[in-house]
Amino acid sequence: MLTREHGIAEYRDGRIIPDRLTIGRHGHYLDHAQAMLEVYRHGRGKTRRELHRQVAAIFAEEDDCPTRRIRAFCKLLDDVSTYAGDPKGNAARLRRKVFRLAAPSHPLVHEADRLFDHTEQETKQRIADELGITWAEIEDNLFADVMEFHRLDDFSGYPDAAALLSRYNVAQVQVALYLATEMVIWAEQDFKTILRHAKLAGLLHRIRQIKPGFYEIQLDGPASVLRRTRRYGVFMARLIPKLLACQGWRMKARVQTPRRGFEVSLELSPADGLRSHLSSPDEFDSGVEEAFAHKWGEQPREGWRLISEGEVLHKGQKVFVPDFVFDHEDGRRVIMEVVGFWTEEYLREKVQTLREFREHNILLAVGEAGAKRISGLPEETVFYKSALLIKDVLARLCEAEPEDAR
């Protein structure tokens, strides 16, 4: 991720608009990006400072490139690079030796005269001879513990020039969110993935159902209960690449400006065309679920229609997104969770979650291998070996009662 010093944005009509490179205006940047990748691909052994200078030279004739943008590119390239530092402290020990040996010759001059008879070149050679290495080797290692003099050891890079520019666009959105006080996501798809990543990002959530299958998710942190704070902005920024890998959502965040007391909004959705470097989430958590959904098909069976992840159940910070929802034409609704071959702790936690939401019609499907490791499973549990059978699920669905009768 970039830091705030790399951020570029403008404020317009109550919105913050992060810097963005587009094909129409910045199509020639593909050549610049390719050149930057080549600098790093062939830069093994060079210092960070040397690499950054080479990147800056690429933009020497580019009028439309502020210094911050160049520094941002360098940061993104460094993020996928490995530099050799000096973990054993050899550079510090070398400096002490060199400075101690050089001290008697102070001050050094370029050419000796009547007052100063110790020349720089002679002193360097004497020190190198005493240490048993060349002065070039001394220069290479004298400040090896300083970040800008770390040498490139490996560059994992980006797939291509377009990927680097795409990462830059996403990174600028992330920087804009560092001062965010609140984020709201409206989601119609990938609920489970969005909520899971929000939790992993360290955010709290409040969920409101707008209509069946459409939810509003408000994200902030514990301190937000007491006051508006931007301390969770970085957490929200970390969520962006994961959010961009999902579908069926839009987001709006409130962002403080450098001018105290003023806020602007930042809005984002898949329609904005930003691409995540992460893969899209799998539609199903396991092959068992995927196979069952494909066998069931899109048409109702005995009046039951199957919906994948069509419900979000929540109590406080406890969220349960079941794998499937079954809607019957007579109004009955049953949600089903599929549990495969997991640890005993996972199974116990899953059963506890179901108990917390017992006011709903919940059907549990458990792999027989996992079921042997836990007791107390509900009587209506469906057991399966390698595949979940439709006939077994239908049998349990037909026993379901309307929720208002429970």
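Definitions and limits used
Residues numbered from 1 in each chain as written. Predicted model: local features only at pLDDT ≥ 70, side-chain atom pairs only at ≥ 80, totals over all residues. Heavy atoms only, no water. Salt bridge = Lys/Arg side-chain N within 4 Å of Asp/Glu carboxyl O. Buried < 20%, exposed > 50% of the residue type's maximum accessible area, 1.4 Å probe, protein only. Helix = DSSP H or I, 4+ residues; strand = E, 2+ residues; numbered from the N terminus. Pairing = 2+ DSSP bridges. Patch = residues over 30% accessible without salt bridge, like charges linked within 9 Å, V, L, I, M, F, W, Y side chains within 5 Å. Areas by Shrake-Rupley, 256 points an atom, 1.4 Å probe, with all protein chains shown as cover. Expected span 1.5 Å × (residues − 1). Arc of directions from axis to C-beta. Contact = heavy atoms within 4.5 Å.

Colleague: Looking at this structure, how should I read the pattern of salt bridges?
Modeller: When their charged atoms lie close together, side chains carrying opposite charge are able to pair. Going through the model one piece at a time under the given rule, you end up with 20 salt bridges. Here Glu 10 makes a salt bridge to Arg 12, at a shortest N to O gap of 3.0 Å. A residue is classified by how much of its surface remains accessible, and Arg 12, at 37% relative accessible area, is partly exposed. Between Asp 323 and Lys 192 there is a salt bridge, and its shortest N-O distance comes to 2.9 Å. Of the two residues, Asp 323 is situated in the loop between β12 (318–320) and β13 (324–328) and Lys 192 in helix α9 (residues 191–200); the sequence distance between them amounts to 131 residues. Take Asp 323 and Lys 192: they sit in the same class, and that class is buried.

Colleague: Is there a simple way to think about the pairing of strand β6 (residues 204–211) in this case?
Modeller: Where a strand is regular, its side chains alternate between the two sheet faces. Bridging between β6 and strand β7 (residues 214–220) involves seven bridges; their strand directions are antiparallel. Each residue of the ladder has a partner; that of His 205, found in β7, is Leu 219. Adjacent in sequence and paired antiparallel, β6 and β7 are bridged by two residues, among which Gly 213 carries a positive phi angle near 80°.

Colleague: Is there a simple way to explain a nonpolar patch on the surface in this structure?
Modeller: On the surface, Phe 99, Phe 143 and Val 146 cluster together to form a nonpolar patch covering roughly 250 Å² of accessible area. Considering the arrangement of structural elements, one finds Phe 143 in the loop between α7 (135–141) and β4 (151–155).

Colleague: Help me understand helix α6 (residues 120–131), please; the structure alone is not making it clear to me.
Modeller: Its twelve residues give α6 an end-to-end C-alpha distance of 17 Å, which sits within 8% of 16 Å, the value for a rise of 1.5 Å per residue. The set of residues buried in α6 consists of Thr 123, Lys 124, Ile 127 and Ala 128. Down the axis, α6 shows its buried residues gathered within 135° of arc, on one side only. Exposed residues pointing more than 90 degrees away from the buried face of α6 are listed as Gln 121, Glu 122 and Asp 129. Buried residues belonging to α6 abut α5 (90–102) and α7. Phi turns positive, to about 80°, at Gly 132, one or two residues after α6.

Colleague: Please explain the environment of Asp 153 as it appears in this structure.
Modeller: Inspection of the secondary structure puts Asp 153 in strand β4. Residue classification places Asp 153 among the partly exposed positions, given a relative accessible area of 34%. Contacts of Asp 153, omitting those with residues within four sequence positions, involve Arg 44, Thr 82, Tyr 83 and Ala 84.

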